[in-house]
Amino acid sequence: MIHRALMLALLALPALAQERRSGFEDMAPQTQAMQRDDTSNPGMLWALEGEDLFRQPAGPAGQSCASCHAEGSMQGVAARYPAWDTARQAPIDLAGRIAQCRTDRQGAPPLARESQGLLALSAHVGQQSRGLPIAPPADPRLDAARVQGAALYAERRGQLDLSCAQCHDDHPGRRLAGSIIPQAHPTGYPLYRLEWQALGSLQRRLRGCMTGVRAEPFAYGAPEYIAIELFLMSRAAGLAVETPAVRP
Amino acid sequence: MARVLINVPRTAARGEVITIRTLIQHLMETGYRPDANGVVAPRDIIRRFTCRYDGEVVFQAELSPAIAANPFLSFTTVATRSGVVEMSWEGDNGFAQTETRDLTVT
């Protein structure tokens, strides 16, 4: 356990050596203004849809999310995910938990990863943590996955033979073609990317980077993605949640 | 019904220049994009936006396939009298949506 904690600390060292900043800071003032104002932030369209879905009954028992979770009770929840799922004995991310709640508790048809409904619900839940510091749980059962995530982050992959760390730890703030390389803190997911012209999850973003280095991406919902998310969230601990954020 | 975000001030002073901002959820499919099987998706865009203030057209826009999804429009008008601000979007496949907001001029 001590060995693991030490390894984590060492892996996170390059990122901590410099001042941590959200990708928000590197955006053009226009894009920042777009995120700040809820009436011009397109991510709010999904968050509002999620608010409706939250109250909408689903499944044979006619239960909605709001039947169990009071309105506004999800404050701070997105800041502590991924968490440990006792039922599956594995870490689970927020979207996974929402989908699990829907199938196991409501008995409703499953929501696919990156489906409009799951993104909308994740945005609605995430929005309630906006402004709160990212607070990864100290659960020791998550450590193994965190270490795996750190290893995946540092592992070279794809035909370009690049690791996440080679850009996001070694060269943040510099440019890759026309874009500024951010420090890769997942503060605002699910977020509206202007490139996507839609809301998308962190897994979609990771997939984009992986195909970018000509690596085969993992399948949506793969434990590897959740491990990377665990590591990234512990690396971003303390930064404010921005969901739904806007990125170029 | 597409989801919309509209920012119209509730009240304004007579003669004041007010800013109206609208954002509507729409795919704005260009009609030029082939999918994974090489089949080009048919065009599906919003073609026209009209804003009427107290029955009078104060702003109109023609949208083209080059405009991004979820189009955001921001424009100004002068608050003259209390009335209804009516915004309507029309597009392909019979897309039509109208939203109204009340504006009180003091």
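Residues numbered from 1 in each chain as written. Chains lettered and ligands numbered in written order. Predicted model: local features only at pLDDT ≥ 70, side-chain atom pairs only at ≥ 80, totals over all residues. Heavy atoms only, no water.

S.K.: I would appreciate a short explanation of the interface of chain B and chain A in the present structure.
M.R.: As a measure of interface size, the accessible area lost when the parts come together is often cited. Between chain B and chain A, the contact holds 13 residues from the first and 15 residues from the second. Together, Arg3, Leu5 and Gln25 of chain B form the three largest contributors to the area buried by chain B at its contact with chain A, with a combined 50%. Seen at the junction of chain B and chain A, the total is two salt bridges. Across the salt bridge formed by Arg3 of chain B and Asp52 of chain A, the nearest N and O atoms sit 3.1 Å from each other. Remark: the boundary between chain B and chain A carries five residue pairs in polar contact (both at pLDDT 80 or more). Mapped onto the side of chain B that touches chain A, the elements with two or more residues apiece are strand S1 (4–7) and strand S3 (17–24) of chain B. (Contact = heavy atoms within 4.5 Å. Buried area = accessible area lost by both parts, 1.4 Å probe. Salt bridge = Lys/Arg side-chain N within 4 Å of Asp/Glu carboxyl O. Polar contact = N/O pair within 3.5 Å; in protein donor to acceptor, adjacent residues only side chain to side chain. Helix = DSSP H or I, 4+ residues; strand = E, 2+ residues; numbered from the N terminus.)

S.K.: What is the right way to read the UniProt feature "domain: Cytochrome c" (unreviewed entry) in chain A from this model?
M.R.: Listed under "domain: Cytochrome c" (unreviewed entry) in the UniProt record, and renumbered for this structure, are residues 45–158 of chain A. Helix makes up 45% of residues 45–158 of chain A and strand makes up 5%, while its end C-alpha atoms are separated by 35 Å. (UniProt positions renumbered as here; feature names shortened; annotations may be inferred.)

S.K.: Explain the environment of Trp84 of chain A to me, please; I cannot follow it from the model alone.
M.R.: All names here are of chain A. With respect to the helices, strands and loops of the structure, Trp84 is situated in strand S1 (residues 83–85). When the C-alpha positions of Trp84 and Pro137 are compared, they lie 8.8 Å apart, and in sequence the two are 53 residues distant. Not counting residues within four places of it along the chain, the set of residues in contact with Trp84 comprises Gln89, Ala90, Pro91, Arg97, Asp139, Arg141 and Leu142.

S.K.: Help me understand the packing of helix H7 (residues 143–154) of chain A against helix H10 (residues 223–235) of chain A in this model?
M.R.: The packing of two helices is summarised by the inter-axis angle and the distance between the axes. Residue and element names in this part refer to chain A. Two elements in contact, H7 and H10, have axes separated by 7 Å at closest approach and are oriented at 90°. The pairing of H7 with H10 is recorded here as roughly perpendicular in orientation. Residues Ala145, Arg146, Gln148, Gly149, Ala150, Leu152 and Tyr153 of H7 form the contact with H10, whose participating residues are Glu224, Ala227, Ile228, Leu230, Phe231, Leu232, Ser234 and Arg235. Partitioning the contact of H7 with H10 into residue classes produces nine nonpolar, three polar and three charged. (Axes fitted to C-alpha atoms, helices over the stretch in contact; angles between N-to-C directions. Parallel < 35°, antiparallel > 145°, perpendicular 65-115°, else oblique. Nonpolar A, V, L, I, M, F, W, Y, C, P; charged D, E, K, R; others polar.)

S.K.: Teacher, can you tell me more about the UniProt feature "domain: Sulphur oxidation protein SoxZ" (unreviewed entry) in chain B here?
M.R.: As annotated in UniProt, the feature "domain: Sulphur oxidation protein SoxZ" (unreviewed entry) corresponds to residues 9–100 of chain B in the numbering used here. Across residues 9–100 of chain B, helical content stands at 0% and strand content at 51%; the span's end C-alpha atoms are separated by 12 Å.

S.K.: Would you mind showing me how to read the pairing of strand S4 (residues 46–53) of chain B here?
M.R.: The side chains of a regular strand alternate, residue by residue, between the two faces of the sheet. Residue and element names in this part refer to chain B. Across seven bridges, the pairing between S4 and strand S7 (residues 83–91) is antiparallel. When the sheet's bridge partners are listed, Cys51 is paired in S7 with Met87. Strand direction decides the pairing type here: S4 and strand S5 (residues 56–62), joined by six bridges, are antiparallel. Residue pairing across strands places Tyr53 opposite Glu56, the latter belonging to S5. Two successive antiparallel strands, S4 and S5, enclose a turn made up of two residues, where Asp54 displays a positive phi of approximately 55°. (Pairing = 2+ DSSP bridges.)

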